[in-house]
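Examination of the molecular architecture
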Amino acid sequence: MTVAVVLFTADLRLHDHPPLHAALRAADEVVPLFVRDPAVHAAGFDAPNRAAFLADCLADLDSSLRRRGGRLVVRSGPVAREVRAVAADCGATEVHMAAGVTGYAHRREERLRRALGADGVRLRVHDAVVTAVAPGAVAPTGSDHFAVFTPYFRRWSGQSLRGPLPAPRAVRVPDAVRGEEPPSRAGMPGLSPQLAEGGETAGRARFARWARADLSRYEEHHDDLAGDATSRLSPYLHFGALSPVELIHRARERGGAGAEAFERQLCWRDFHHQVLAARPDASVRDYRTRHDRWRGAEEAAGDIAAWREGRTGYPLVDAGLRQLRTEGWMHNRARLVVASFLTKTLYVDWRIGARHFLDLLVDGDIVNNQLNWQWVAGTGTDSRPHRVLNPVRQGRRYDPDGTYVRRWVPELAGVGAETVHEPWRLPAERRAVLGYPEPLVGLADGLARFRQARERG
């Protein structure tokens, strides 16, 4: 009997899974393996919301494998050590896994290749599993990556995608390989109270519901804060519970402006992956420095605390941050506004905001989180680095009736649409009753500080 190991990482699904498909074709038996790496905890990346969502994904993956005669083998410890031990236990000759682009992913692959090579076991790394197009597959002449989205999108759109692979009908797992029980979110502390359910089953059901009701309206309504018409699929894409290749095929089958706009958002994921693959230090350093002298954690401690708590005095900013704390997720338009407010109105280092998002976002990952923050801060790939999003104007445009604000800022539940985005215009006695804070800084003052800082830099 020939045996192969499939190391699951950020690809926690059975549908459209090239490493699993290849392993099943090459071997009689397959060990589906997930390793809980203590290095993730040591680096502070196993935030409660993501740990709970991961637990859901692993439990769902195990359940799906058991329906096919298999099971998920869960181990804890350094990845190279555990994979090597499992391969030795079952006599595997190959280990299959998806390619990654982060520094952690590269180090993991290097250690695996060395450890397995010492035992004569081949490591096979598969592209286009986490992304639709491999990071290095599309590049301009004279460079290893695109630094601007639009030309990347044009080239990316012309790529031929592989067809989605079906989920396997059966998976035979060697009896001798032992593992732990998959973790459970039950009893985990520090979770957002309205955290979504994780797993491929939940993700596929969510996509099916959203595609029926909202995909055709996506281009028109994806910025409608109150309408909440976005797909909310980002957590499932982050954990690989859904395949970007499959989602793009489904969107293209549907066709229309909404499907095209949705595909464009999926392209943004691939764009950021190819940027970080070429510039891994962009996860912590400015991709394009503006020589900022950001206000740091000590200088801006009070402003940072108010921002994190959703008590800046700007309703749209506060609504987004309170949604984040409650759901472990935030509407994309709100993400742009709260990030612009921190980096440009308060002139606080983007890394402080990115860390807060990573602490709470269930879809928070190094690639998209860090590079989106840099885009807003003007240190990334944005071609308009000095753009500032005015939270009042953004609120009037994308939440004109104030429904989104009232949903997340109950102090303003009784305030009408004409002043809900500018409660400081209300009489002083009314403001005192509301209990809502005054603005941390005037928008004009914040803008002047930002412009002066950038010019001085």
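Residues numbered from 1 in each chain as written. Predicted model: local features only at pLDDT ≥ 70, side-chain atom pairs only at ≥ 80, totals over all residues. Heavy atoms only, no water.

**Comments concerning the overall build of the protein**
Formally: Secondary structure elements are defined from DSSP: runs of H or I of at least 4 residues count as helices, runs of E of at least 2 residues count as strands, and each element is numbered from the N terminus. We compute the radius of gyration over the C-alpha atoms and compare it with the globule rule, which gives 2.2 Å times the number of residues raised to the power 0.38. A contact between two residues is defined here by any heavy atoms of the two lying within 4.5 Å. Note that accessible areas follow from Shrake-Rupley with a 1.4 Å probe, and for residues the cover is restricted to the protein chains shown. When charges are counted, Lys and Arg contribute as positive and Asp and Glu as negative, whereas His and the chain ends are disregarded. Charged groups are reduced to one reference atom each: NZ for lysine, CZ for arginine, CG for aspartic acid, CD for glutamic acid.
Along its length, the protein carries 20 helices and five strands. By the compact-globule yardstick of 23 Å for 457 residues, the protein fits well, its C-alpha radius of gyration being 23 Å. Long-range pairs, those at least 24 residues apart, make up 79% of the contacts in the protein with a sequence separation of at least 6. In the form shown here, the protein has an accessible surface area of approximately 19,300 Å², with 49% of it arising from carbon and sulfur atoms. Side chains of the protein give 65 positive and 56 negative charges; the mean places of these two sets differ by 2 Å.

**Focus: the packing of helix α14 (residues 332-345) against helix α16 (residues 366-377)**
For clarity, the threshold we go by: Lines fitted to the C-alpha atoms define the axes, with helices restricted to the stretch that makes contact. Angles between their N-to-C directions range from 0 to 180 degrees. Orientation labels follow simple angle bins: below 35 degrees gives roughly parallel, above 145 gives roughly antiparallel, 65 to 115 gives roughly perpendicular, and whatever is left gives oblique. Note: crossing handedness is left-handed where the near helix turns anticlockwise from the far helix by less than a right angle, and right-handed where it turns clockwise. When residue character is reported, Ala, Val, Leu, Ile, Met, Phe, Trp, Tyr, Cys and Pro are called nonpolar, Asp, Glu, Lys and Arg charged, and the others, Gly included, polar.
Running from N to C, α14 and α16 cross one another at 60°; their axes reach a closest spacing of 9 Å. Here α16 runs oblique to α14, going by the angle between their axes. α14 and α16 meet at a crossing whose hand is right-handed. Mapping the contact onto sequence places L336, A339, S340, L342, T343 and K344 in α14 and W373, W375, V376 and A377 in α16. Taken together, the residues of the contact of α14 with α16 break down into seven nonpolar, two polar and one charged.

**Brief notes about the pattern of salt bridges**
Oppositely charged side chains can form a pair if their charged atoms are brought close together. Using the following cut-off: Within this document, salt bridges are pairs made up of a side-chain nitrogen of Lys or Arg and a carboxyl oxygen of Asp or Glu, the two lying within 4 Å of each other. Accessibility here uses a 1.4 Å probe with only protein chains present; expressed as a share of the type maximum, an area under 20% marks a residue as buried, one over 50% as exposed, and anything in between as partly exposed.
The tally for this structure, following the rule as stated, stands at 30 salt bridges. In this structure, R232 engages E327 in a salt bridge whose closest nitrogen and oxygen atoms are separated by 3.1 Å. Within this pair, whereas R232 is found in the loop between α8 (218-221) and α9 (234-238), its partner E327 is found in helix α13 (residues 315-327), the two being separated by 95 residues in sequence. Judged by relative accessible area, R232 falls into the buried class, the value being 19%. Judged by its relative accessible area of 11%, E327 falls in the buried class. Here R396 and E422 are joined by a salt bridge, their closest N and O atoms 2.2 Å apart. Of this pair, R396 sits in helix α17 (residues 391-398) while E422 is found in the loop between α18 (403-408) and α19 (428-434), placing the two residues 26 residues apart along the sequence. With relative accessibility at 46%, the residue R396 sits in the partly exposed group. One continuous salt-bridge network, built from bridges that share partners, spans R204, E246, R250 and E253.

**Looking at unusual backbone geometry**
Phi at D228 takes a positive value of approximately 50°, unusual for a residue other than glycine. Topologically, D228 is positioned in the loop between α8 and α9. Assessed through its relative accessible area of 30%, D228 is described here as partly exposed. For R232, which is not glycine, the phi dihedral falls at a positive 60°.

**Remarks on the nonpolar core**
Rule in force here: Put simply, buried Ala, Val, Leu, Ile, Met, Phe, Trp, Tyr and Cys residues joined by side-chain atoms within 4.5 Å make one nonpolar core.
If you look at the biggest cluster of nonpolar residues, it comprises 61 residues, and the most contacted ones within it are F8, L12, L72, W156, L247 and F262. Formed by 46 residues, the second largest nonpolar core is a distinct cluster that contains W307, L336, L342 and A453.

**What about the packing of aromatic side chains?**
Rules: Paired rings are identified among Phe, Tyr and Trp, the last through its six-membered ring, by centres lying within 6.5 Å, and are further divided according to the angle between planes into stacked (under 30 degrees), edge-to-face (over 60) and tilted (the rest). Only when the NZ atom of a Lys or the CZ atom of an Arg is both within 6 Å of the ring centre and within 35 degrees of the ring normal do we say a charge sits over the ring.
Applying the stated criterion across every chain yields a total of 22 aromatic pairs. Between the aromatic rings of F153 and W156, the centroid separation amounts to 6.2 Å while the plane-to-plane angle is 25°, which identifies the pairing as stacked. Linking F153 with W156, this pair stays in helix α6 (residues 149-157), spanning three residues, or about one helical turn. Aromatic side chains Y314 and W424 sit 5.2 Å apart centroid to centroid with 65° between the ring planes, which places their arrangement in the edge-to-face category. A residue pair is termed long-range when its members are at least 10 positions apart, and Y314 in the loop between α12 (301-309) and α13 and W424 in the loop between α18 and α19 qualify at 110 residues. For Y314, a relative accessible area of 3% corresponds to the buried category. Assessed through its relative accessible area of 27%, W424 is described here as partly exposed. Taken together, the ring pairs in this structure connect F146, F149, Y152, F153, W156, W268, F271 and W375 into an aromatic cluster. The aromatic ring of F153 is capped on one face by R264, whose charged end is 4.8 Å from the ring centroid.

**Here's the deal with the sheet that holds strand β3 (residues 73-76)**
Operational definition: For two strands to be treated as a pair, DSSP must find no fewer than two bridges joining them.
Overall, parallel pairing links the five strands, which are arranged β3-β2-β1-β4-β5 in an open sheet. Edge strands, defined here as strands with exactly one partner in the open sheet, are β3 and β5 (122-126). The sheet shows a mean angle of 30° between the axes of neighbouring strands, taken without regard to direction. Across five bridges, the pairing between strand β4 (residues 94-98) and β5 is parallel. Bridged to V95 within β5 is L123. Against the sheet, helix α1 (residues 18-26) touches β1 (3-7), β2 (29-36), β4 and β5, its axis set at about 160° to β4. Of the strands in this sheet, β1, β4 and β5 are in contact with helix α5 (residues 103-118), which crosses β5 at around 155°.

**Here we look at the UniProt feature "domain: Photolyase/cryptochrome alpha/beta" (unreviewed entry) in the protein**
What counts here: UniProt positions are given in the numbering used here, feature names are shortened, and annotations may be inferred rather than shown by experiment.
The feature "domain: Photolyase/cryptochrome alpha/beta" (unreviewed entry), as given by UniProt, occupies residues 2-131 in the numbering adopted here. Each end of residues 2-131 is marked by a C-alpha atom, and these two atoms are 30 Å apart; helix forms 47% of the span and strand 21%.

**Considering the environment of L165**
Relative to the helices and strands, L165 resides in the loop between α6 and α7 (200-213). Distance in space between the C-alpha atoms of L165 and L321 is 38 Å, their sequence separation being 156 residues.

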